[in-house]
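# Commentary on secondary and tertiary structure
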Amino acid sequence: MKAQGEKELIQQVLQGDTSAFALLVDAHKDRVFNLVFRVIRQRAWAEELCQDVFIKVYQQLAQFKHKARFSTWLFRIAYNTAISALRKHQLSVHSINESHSYVEEDNQGEKEALISLLEKAIAQLSTEEAALITLCYTEEKTIEEIAQITGLSKANVKVKLHRVRVKLKMIIERSTNKN
Amino acid sequence: MMNTKIDIEGLLKQLPIEKTDSNFTAQLISSIASLPAPQPKQLSKPIIICACIGLIGLMVGAWLISDYFFGWTELYVQPLLSNIVASFKGILPRISQIECPPIIIEGLLVGAVLLVIDAVVRHKVVTGKPL
């Protein structure tokens, strides 16, 4: 969605038009859900948190000053909500891994098998690392935007992304060598 | 299988996006319907009043401390007031008889500052507009 169109929709929401908000939600819900799911790793909980994220966004929409992109602001709320929920429940990341859409490697192409392995490898990352990877590669956010969303410095984001790539590569190579 | 060099960045870009339930938006909009329309956040009156009291305290404190060290009142304020008083001498001869101890001058000054701040705060709280 274009920034100008988003700005107009936000104005309509501020004037009490909830159907405009539905359009905003439709435009961003899957991307927000993807981020929350990568952090939380439980579909039902991620859906619930995603609802909370959009309710927060609705309530705080008047505070959005258009200094950053709407999606950056939205992802920051989503990231903070997911991290706070995890902290609140004090759950270990590894204890809540959910086997969701991982498909068996048999009878698959090499690429699909690698992506499946990659998803498993991402599930072994910390919440912050998983969020960084999602924001950088799935959402294609810039380093600056990722820094704004996660509250890390730009240099720190770069370093962490490099480390995560190395870590993922190691996990995948270990898995492929086992096979 | 998979002995070739792994292009991790290429793979990461191909990660599938997890999707929400089909009725996600409908559920959300039904829960939002009961909420009031988003309003800009406004500072509550108690916060404004507390902030003003704090500010007044700081100003008074700063004045008294700096006066203790530098003697502003004695150096500048007292002569200024004396001049003003002296200018009235011709008009109101009785004023010249008044001896003004420094503590009264300080009290008057602090009182005047407090009155001005109080007026500004009241105006802001009552009308919601700055002066």
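What counts, and where the lines are drawn
Residues numbered from 1 in each chain as written. Chains lettered and ligands numbered in written order. Predicted model: local features only at pLDDT ≥ 70, side-chain atom pairs only at ≥ 80, totals over all residues. Heavy atoms only, no water. Helix = DSSP H or I, 4+ residues; strand = E, 2+ residues; numbered from the N terminus. Buried < 20%, exposed > 50% of the residue type's maximum accessible area, 1.4 Å probe, protein only. Salt bridge = Lys/Arg side-chain N within 4 Å of Asp/Glu carboxyl O. Axes fitted to C-alpha atoms, helices over the stretch in contact; angles between N-to-C directions. Parallel < 35°, antiparallel > 145°, perpendicular 65-115°, else oblique. Left-handed = near helix turned anticlockwise from the far one by under 90°. Contact = heavy atoms within 4.5 Å. Nonpolar A, V, L, I, M, F, W, Y, C, P; charged D, E, K, R; others polar. Core = buried A, V, L, I, M, F, W, Y, C linked by side-chain atoms within 4.5 Å. Polar contact = N/O pair within 3.5 Å; in protein donor to acceptor, adjacent residues only side chain to side chain. Buried area = accessible area lost by both parts, 1.4 Å probe.

## Things to note about the overall build of chain B
The number of helices and strands found in chain B is five helices and zero strands. When burial is assessed residue by residue, chain B has 22% of its 131 residues classed as buried.

## Re the pattern of salt bridges
Residue and element names in this part refer to chain A. In total, this model carries eight salt bridges over all chains according to the counting rule given. Measuring nitrogen to oxygen at the nearest pair gives 3.5 Å for the salt bridge that ties Lys 29 to Asp 26. In this pair, Lys 29 and Asp 26 are both assigned in helix α2 (residues 18-40), three residues apart and thus about one turn of the helix distant. Residue classification places Asp 26 among the partly exposed residues on the basis of a relative accessible area of 42%. Note that Glu 139 and Arg 31 form a salt bridge whose closest N and O atoms lie 2.6 Å from each other. Placement of the pair is Glu 139 in the loop between α6 (127-138) and α7 (143-150) and Arg 31 in helix α2, with a sequence separation of 108 residues. Take Arg 31: its relative accessible area is 24%, and that puts it in the partly exposed class.

## Brief notes about the packing of helix α3 (residues 43-60) of chain A against helix α2 (residues 24-32) of chain B
Helix-helix packing: each pair is described by the crossing angle between the helix axes and the interaxial distance. One way to put it is that α3 of chain A packs onto α2 of chain B with a least axis distance of 10 Å and a crossing angle of 45°. Taken together, the axes of α3 of chain A and α2 of chain B lie oblique to each other. The interaxial crossing formed by α3 of chain A with α2 of chain B has right-handed handedness. Taken together, the residues of α2 of chain B that come into contact with α3 of chain A (itself represented by Glu 47, Cys 50, Gln 51, Phe 54, Ile 55 and Tyr 58 of chain A) are Phe 24, Gln 27, Leu 28, Ser 31 and Ile 32 of chain B. Classifying every residue of the contact of α3 of chain A with α2 of chain B by side-chain character gives seven nonpolar, three polar and one charged.

## A short note on the nonpolar core
Grouped together as the largest cluster of nonpolar side chains are 69 residues, with contacts concentrated most on Phe 21 and Leu 168 of chain A. Ranked by residues supplied to this core, first place goes to α2 of chain A with 12 residues. Listed in part, the five residues of the second largest apolar core include Ile 48, Cys 52, Ile 56 and Ile 117 of chain B.

## Considerations on the environment of Lys 65 of chain A
Within the secondary structure, Lys 65 of chain A is located in the loop between α3 and α4 (70-89). Looking at Lys 65 of chain A, its side chain comes within polar contact range of the main-chain oxygen of Ala 62 of chain A, at 3.5 Å.

## Re the interface of chain A and chain B
Taken together, the 46 residues of chain A in the interface contact 33 residues of chain B. Summed over both partners, the interface of chain A with chain B comes to about 3,800 Å²; 68% of that surface belongs to carbon and sulfur atoms. Area buried by chain A at its contact with chain B is led by Gln 51, Tyr 58 and Tyr 137 of chain A, which between them contribute 16% of it. Linking chain A to chain B there are two salt bridges. Glu 9 of chain B is the salt-bridge partner of Arg 165 of chain A, the closest N and O atoms lying 4.0 Å from each other. The tally of links between chain A and chain B comes to 11 residue pairs in polar contact (both at pLDDT 80 or more). When residues of the side of chain A that touches chain B are traced back to their parent elements, those giving at least two are α1 (3-14), α2, α3, α5 (110-123), α6 and α8 (154-178) of chain A. Top contributing element to the side of chain A that touches chain B by residue count: α2 of chain A, with 11 residues.

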